[in-house]
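# Coordinates in review
The chain contents come next:
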Amino acid sequence: MDSRWYFVFGDLLANLLAGAVAAWFSALVVGPGWPMLAAMLVAMALGMLVSLFVFFPCSILFGAMEVMLPAMFTGMVSGMIIGMWAAMHPLDSGTALLAGACCGLVCLSLIWLLNTRLRGVRSYG
């Protein structure tokens, strides 16, 4: 993953957007009467599908492979969490958007940590 500020900001923006939009759509689709497992699976698939629509415009600006993996992972996780949450009780749009953005931030941080751990610390000098 590129560590230049433009690409770091792009990754952050794409993941926050993917998480928020996936969570919002998941909260719209899943209601309190849903079984938890069904809500999780449907919202996970919906989150990944919604992330595709975030991925395509962001990939032009920030690179396809660098945006695709974190955005799809964020959409999947955000959809699952918000889908199960919405199956327990109704969520308003603001809560869903904020929780989805938080999922995006956590997922991106996890991917950055794992990437650093796998590749090791590099010096560019």
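In short, a report on the structure. (Residues numbered from 1 in each chain as written. Predicted model: local features only at pLDDT ≥ 70, side-chain atom pairs only at ≥ 80, totals over all residues. Heavy atoms only, no water.)

### Some points on the overall build of the protein
Selection criterion: We count a stretch as a helix when DSSP gives it H or I for four or more residues in a row; a strand needs E for two or more, and each element gets its number in order from the N terminus. Between the two quantities, the radius of gyration covers C-alpha atoms and the globule rule is 2.2 Å times the number of residues to the power 0.38. Buried, partly exposed and exposed residues are distinguished by accessible area as a fraction of the type maximum, computed with a 1.4 Å probe on protein chains only: under 20%, between the cut-offs, and over 50%, respectively. In this description, accessible areas are obtained by the Shrake-Rupley approach with a 1.4 Å probe, and a residue is regarded as covered only by the protein chains that are shown. Positive charges are assigned to Lys and Arg, negative charges to Asp and Glu, while His and the chain termini are left out of the count. Here the site of a charge means NZ on Lys, CZ on Arg, CG on Asp, or CD on Glu.
Each helix and strand in the protein was counted, giving 4 helices and 0 strands. From first element to last, N terminus to C terminus, the protein shows the α and β order α-α-α-α. For 125 residues, the compact-globule estimate of 2.2 N^0.38 gives 14 Å, and the C-alpha radius of gyration of the protein, at 15 Å, lies within 12% of that figure. On the principal axes, the C-alpha backbone points of the protein span a range of 55 × 25 × 20 Å. Per-residue burial over the protein gives 38% buried out of 125 residues. Carbon and sulfur atoms make up 78% of the accessible area of the protein, which amounts to about 7,200 Å² in all. The average position of the 4 basic charges and that of the 4 acidic charges among the side chains of the protein differ by 16 Å.

### Quick notes on helix H4 (residues 93–119)
Cut-off, in case you're wondering: A helix is expected to span 1.5 Å multiplied by its residue count minus one. Any two residues having at least one pair of non-hydrogen atoms within 4.5 Å are treated as being in contact.
Look at H4: 39 Å from first C-alpha to last across 27 residues, which is about the 39 Å you get at 1.5 Å a residue. Within H4 the residues assigned to the buried category are Ala 96, Ala 99, Gly 100, Ala 101, Cys 103, Gly 104, Cys 107, Leu 108, Ile 111 and Asn 115. Buried residues along H4 sit against helix H1 (5–29) and helix H3 (64–88). Positive backbone phi, approximately 85°, marks Gly 120, located one or two places after H4.

### Some points on the nonpolar core
The criterion, for reference: Here, nonpolar core refers to any group of buried Ala, Val, Leu, Ile, Met, Phe, Trp, Tyr and Cys residues whose side-chain atoms link them within 4.5 Å.
The biggest cluster of nonpolar side chains holds 11 residues, and these are Ala 23, Ala 27, Val 30, Ala 39, Ala 43, Ile 82, Ala 86, Ala 87, Leu 91, Ala 96 and Ala 99. Elements with a minimum of two residues in this core: H1, helix H2 (36–62), H3 and H4. If you tally residues by element for this core, the top one is H3, at 3 residues. Not counting residues within four places of it along the chain, the set of residues in contact with Ala 43 comprises Ser 26, Val 30, Gly 79, Met 80 and Gly 83.

### A look at the packing of H1 against H4
Test applied: Only C-alpha atoms enter the line fits that serve as axes; for helices the fit covers just the stretch in contact. Angles between N-to-C directions range over 0 to 180 degrees. An angle below 35 degrees is treated as roughly parallel, one above 145 as roughly antiparallel, one from 65 to 115 as roughly perpendicular, and anything else as oblique. In this scheme the crossing of two helices becomes right-handed for a clockwise turn of the near helix relative to the far one and left-handed for an anticlockwise turn of less than a right angle.
At a minimum axis distance of 7 Å, the contact between H1 and H4 shows a crossing angle of 140°. If you check the angle between H1 and H4, you find them oblique. Note on packing geometry: the crossing formed by H1 with H4 is right-handed. Between H1, through Val 8, Asp 11, Leu 12, Asn 15, Leu 16, Gly 19, Ala 20, Ala 23, Trp 24 and Ala 27, and H4, the contact on the second element is made entirely by Ser 93, Ala 96, Leu 97, Gly 100, Ala 101, Gly 104, Leu 105, Leu 108 and Trp 112.

### Quick notes on H2
Applied cut-off: Bend, at a single residue, is the angle you get between axes fitted to the 7 residues ending at that residue and the 7 residues starting at it.
Most pronounced at Phe 55, the bend in H2 amounts to some 35°, and the proline Pro 57 follows within four residues. Looking at the buried residues of H2, the elements they touch are H1 and H3. Positive phi shows up at Gly 63, right after H2, with a value of about 100°.

### Focus on a nonpolar patch on the surface
As a reminder, the rule being used: Residues forming no salt bridge and having over 30% relative accessible area are the ones grouped into patches, like charges within 9 Å of each other and nonpolar side chains (Val, Leu, Ile, Met, Phe, Trp, Tyr) within 5 Å. Counted as salt bridges are all cases of a side-chain nitrogen of Lys or Arg within 4 Å of a carboxyl oxygen of Asp or Glu.
The grouping of Trp 24, Phe 25, Leu 28, Val 29, Trp 34, Val 42 and Leu 97 at the surface amounts to a nonpolar patch, some 560 Å² of accessible area in total. Considering each element in turn, the nonpolar patch owes the most residues, 4 residues, to H1. Following the sequence through the fold, Trp 34 ends up in the loop between H1 and H2.

### Topic: the environment of Phe 73
In this structure, Phe 73 sits in helix H3. Sequence separation of Phe 73 and Ile 111 is 38 residues, and the distance between their C-alpha atoms is 9.3 Å. Leaving out residues up to four positions away in the same chain, Phe 73 has contacts with Cys 107, Leu 110 and Ile 111.

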